[in-house]
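Structural features, examined
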Amino acid sequence: MRRSLVAGNWKMHGSRSDNTRLVEEILRADQGDAGPEILVCPPFVYLWEVGRQLRGSSLALGGQDVCAEAAGAHTGEVSASMLKDVGCSHAIVGHSERRALYGEDDQLVARKFAAAQREGLTPILCVGETLEEREEGRTAEVVLRQLDAVLGVAGTDGFMRAVMAYEPVWAIGTGKNATPDQAQEVHALLRARLAEKDATMAACLRILYGGSVKAVNAAELFAMPDVDGGLVGGASLNGEEFRRICEGGGKQGA
Ligand code: PGA
């Protein structure tokens, strides 16, 4: 049985004082082993301070992105070893905002995935189709292409310690979440592709849903058989809302 994971992606929001208050509220969501695993992903500059505040709790810390290179002359970039050094256990790769706004293609995302893993971080690989792609009936083709690119670089073994997130682009920040059935259909498709490579790995891999997850829809989304929690953007900036999402966290490890 897969334990649920609820991850908060703060995107480019926050300030030192706002973060302190938000983390105080989020810590109340910590139910230890009785609830879902909880991860917070603040902007890079706040990772260390937020990590200190999380100490002693069971909440985990993650980066929102990671450089594909290990070190060197890469102005503005943050390496996987740096994320590890400040206490991160996870790194999001391939978020649709990185793909669409910063030109990240499937190959770069795959290299970021591998770079995170080389340092012992758990990558959270985001995949998802645009509204146009969905309307053209290309959802399966797009998400499988995004997955296959990473399988090609990281191999089946790369998914032994990884998380995936299905985030339909049309659902991100729009208030219009995928229905539980729409999410389940894509999650099952992704898991089936992974199962072609390794059935045990596919059965163990957590696939999160992301895109307008809120307290009112989290429980029904997370209750779907192949939905193992959520990657939450806007609603993770409200401590009370995020706590309620975690409480609706769904399936527990068994
Ligand atoms: P949202 O964002 O919850 O604000 O839709 C999700 C994400 O981008 O990870």
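Here the structure is a predicted model, which means the values were calculated and not measured.

The next subject is the site of the ligand. Around the ligand lies a shell of 13 residues, among which Lys11, His95, Glu167, Gly173 and Ser212 are the nearest. Lys11 is positioned with one of its side-chain polar atoms (N or O) 2.7 Å from an oxygen atom of the ligand. A distance of 2.7 Å is found between an oxygen atom of the ligand and a side-chain nitrogen or oxygen belonging to Glu167. Bound to the protein, the ligand loses 95% of the 290 Å² it would expose on its own. Taken together, the residues of the shell around the ligand break down into four nonpolar, seven polar and two charged.

Turning to the pairing of strand β6 (residues 163–166), a few remarks are in order. In β6, alternate side chains face the same way, and those of Val163 and Ala165 on one face and Met164 and Tyr166 on the other are all buried. As paired strands, strand β5 (residues 122–127) and β6 are joined by four bridges and run parallel to one another. Pairing of Leu125 across the sheet is with Met164, part of β6. Inspection of the sheet shows β6 paired to strand β7 (residues 206–210) by four bridges, in the parallel sense. Note that in β7 the partner of Tyr166 across the bridge is Tyr209.

Once that is clear, we can look at the sheet that holds β7. The eight strands are arranged β1-β2-β3-β4-β5-β6-β7-β8 in a closed barrel whose pairing can be described as parallel. When the angles between neighbouring strand axes are averaged without regard to direction, this sheet yields 25°. The pairing of β7 with strand β8 (residues 229–232) spans two bridges and is parallel. Residue pairing across strands places Gly210 opposite Leu231, the latter belonging to β8. In this fold helix α7 (residues 139–154) packs onto β5 and β6, with an angle of close to 155° to the strand it touches most, β5. Across the sheet, helix α11 (residues 239–247) is in contact with β1 (5–9), β2 (37–41) and β8; its angle to β1 comes to roughly 160°.

Another aspect to go through is the nonpolar core. Leu125, Phe159, Met164, Leu190, Leu194, Tyr209 and Ile245 are the most contacted members of the largest nonpolar core, which has 61 residues in total. In terms of residue count, α7 provides more of this core than any other element does, five residues in total. Contact partners of Leu190, with chain neighbours within four places excluded, come to Val127, Val143, Leu144, Leu147, Met164, Tyr166 and Ile207. Counting residues in hydrophobic clusters, the runner-up holds twelve residues, among them Ala7, Leu39, Ile92 and Cys126.

Quick look at α7 now. For α7, which comprises 16 residues, the first-to-last C-alpha distance of 23 Å matches the rise-based estimate of 22 Å (1.5 Å per residue) to within 8%. Where α7 is concerned, the buried positions are Thr139, Val142, Val143, Leu144, Gln146, Leu147, Ala149, Val150 and Leu151. Each element contacted by the buried residues of α7 is listed here: α4 (96–101), α5 (106–118), β5, α6 (131–135), β6 and α8 (180–197). Of the residues trailing α7, Gly155 is marked for its positive phi of about 75°.

This brings us to the packing of aromatic side chains. In this structure the tally under the stated criterion is two aromatic pairs. Sitting over the face of the ring of Tyr102, Arg98 holds its NZ or CZ atom 4.4 Å from the ring centroid.

About the cut-offs
Residues numbered from 1 in each chain as written. Predicted model: local features only at pLDDT ≥ 70, side-chain atom pairs only at ≥ 80, totals over all residues. Heavy atoms only, no water. Near = heavy atom within 4 Å. Polar contact = N/O pair within 3.5 Å; in protein donor to acceptor, adjacent residues only side chain to side chain. Areas by Shrake-Rupley, 256 points an atom, 1.4 Å probe, with all protein chains shown as cover. Nonpolar A, V, L, I, M, F, W, Y, C, P; charged D, E, K, R; others polar. Buried < 20%, exposed > 50% of the residue type's maximum accessible area, 1.4 Å probe, protein only. Helix = DSSP H or I, 4+ residues; strand = E, 2+ residues; numbered from the N terminus. Pairing = 2+ DSSP bridges. Axes fitted to C-alpha atoms, helices over the stretch in contact; angles between N-to-C directions. Contact = heavy atoms within 4.5 Å. Core = buried A, V, L, I, M, F, W, Y, C linked by side-chain atoms within 4.5 Å. Expected span 1.5 Å × (residues − 1). Phe/Tyr/Trp six-rings, centres within 6.5 Å; stacked < 30°, edge-to-face > 60°. Lys NZ or Arg CZ within 6 Å of the ring centre and 35° of its normal.

What is shown is where atoms sit, not what they do.
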